[in-house]
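Tertiary structure, described
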Amino acid sequence: MRIIFMGTPEFAAPAIDALIDAGHEIAAVFSQPDKPKGRGYSMTPPPVKVKALAHGIPVYQPKSMRDGEALKIFNEIKPDVGVVIAYGKILPQEILDAPEYGCINVHASLLPKYRGAAPIQWSVIDGESKTGVTTMQMDAGLDTGDMLLKSETEILPDETAGELHDRLSAMGAQLIVRTLDALAKGELKPEKQDDSRSCYAKMLTKELCAVDWNRSAREIHNQIRGLSPWPVATAVLEGKRLKLHRSEISPIQNPEGECGEVISLDPLTVKCGEGAVELLEIQAEGKKRMPSSEYLRGHRIEKGTVLQ
């Protein structure tokens, strides 16, 4: 099929390789504009743009999809279908209708659950045991279009959102290929979403980072892994912020002490409102991320110290 691909972050990039390997033609790629990054604030292209240029595919980075320029490009290229993966822009109806078969989106959840901007992270934060990817026929709503195909996977007990992101990215790349193959054969059976079963995965903010040690060990563990690698859960140790990158639920049952208290140093273990968590990878202010055992070799923390 002749495709216009719309995507921006690393999550979307593997689908370009998968579609090309499957024999599809990506005639053009739309991606978000380059952004300043790093200490020098140098303009950095998004991963999808980098991937497209490596394949020699023309890339467009409009600030708006509503001024008629994008529609003009669509009408000139005449794609069979638009493929949209984490593009980051709301598409007007004229763009959704421009390809012969409309626009198909890959969404990183088992719709209708976790519509919205951060489905991977919220599925981990909420302690879900499974998730997946869904292809859907896009409409004017926010992730409300008819579902086409799904691929399901278990969320591992200690898996971070970053690790799950990479697995779902690869799954999404394969699912869009399967979806287009089924589309070409006329085998797709669109299924309407049950809005009563939906929930919204709001955008992540740094306000979500502070750990409340009065919560259960499982809730705190899910928060830590769900916010890794960004924006990262945090605690306060001796007046300074401590980033918490990786944890496990401690086998210690009914620990004594107050919530937030360090009850063991091997491994670094903190009492919670229910149970305790082992902090396996941490990062002090101005320092690099490191195993907590390495941090403790250079920084003295006493048992009984209380994290805020």
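Residues numbered from 1 in each chain as written. Predicted model: local features only at pLDDT ≥ 70, side-chain atom pairs only at ≥ 80, totals over all residues. Heavy atoms only, no water.

1. Section: the packing of helix α1 (residues 13-21) against helix α6 (residues 161-184)
The contact between α1 and α6 brings their axes to 8 Å, and the two run at 40°. Considering how the two elements wind past one another, α1 and α6 form a crossing that is right-handed. Contacts between α1 and α6 involve Pro-14, Ala-15, Ala-18 and Leu-19 on the former and, on the latter, Ser-169, Ala-173, Gln-174, Ile-176, Val-177 and Leu-180. Split into classes, the residues belonging to the contact of α1 with α6 amount to eight nonpolar, two polar and no charged. (Axes fitted to C-alpha atoms, helices over the stretch in contact; angles between N-to-C directions. Helix = DSSP H or I, 4+ residues; strand = E, 2+ residues; numbered from the N terminus. Left-handed = near helix turned anticlockwise from the far one by under 90°. Contact = heavy atoms within 4.5 Å. Nonpolar A, V, L, I, M, F, W, Y, C, P; charged D, E, K, R; others polar.)

2. Some remarks on α1
The periodicity of an α-helix, 3.6 residues per turn, causes residues three or four positions apart to be oriented the same way. Every buried residue of α1 is listed here: Ala-13, Ala-15, Ile-16, Ala-18 and Leu-19. Looking at the buried residues of α1, the elements they touch are β1 (2-7), β2 (25-30), α2 (47-54), β6 (81-85) and α6. Where α1 ends, the next residue or the one after it, Gly-23, has phi of about 95°, a positive value. (Buried < 20%, exposed > 50% of the residue type's maximum accessible area, 1.4 Å probe, protein only.)

3. Let's talk about the environment of Ser-250
Within the secondary structure, Ser-250 is located in the loop between β13 (240-249) and β14 (262-265). Sequence spacing of Ser-250 and Asp-195 is 55 residues, and the spatial spacing of their C-alpha atoms is 38 Å. If we ignore the near neighbours within four places in the chain, the residues touching Ser-250 are Thr-269, Ala-276, Val-277 and Glu-278. Separated by 3.1 Å, the side chain of Ser-250 and the backbone nitrogen of Ile-252 make a polar contact. (Polar contact = N/O pair within 3.5 Å; in protein donor to acceptor, adjacent residues only side chain to side chain.)

4. Considering the pairing of strand β7 (residues 103-107)
Taking burial as the measure, the five residues of β7 include five buried ones, the bulk of the element. Residues Cys-103, Asn-105 and His-107 line one face of β7 and the alternating positions Ile-104 and Val-106 line the opposite face, and both faces are buried. Taken together, the three bridges between β6 and β7 define a ladder with parallel strand orientation. The residue bridging Gly-82 from the neighbouring strand is Cys-103, located in β7. (Pairing = 2+ DSSP bridges.)

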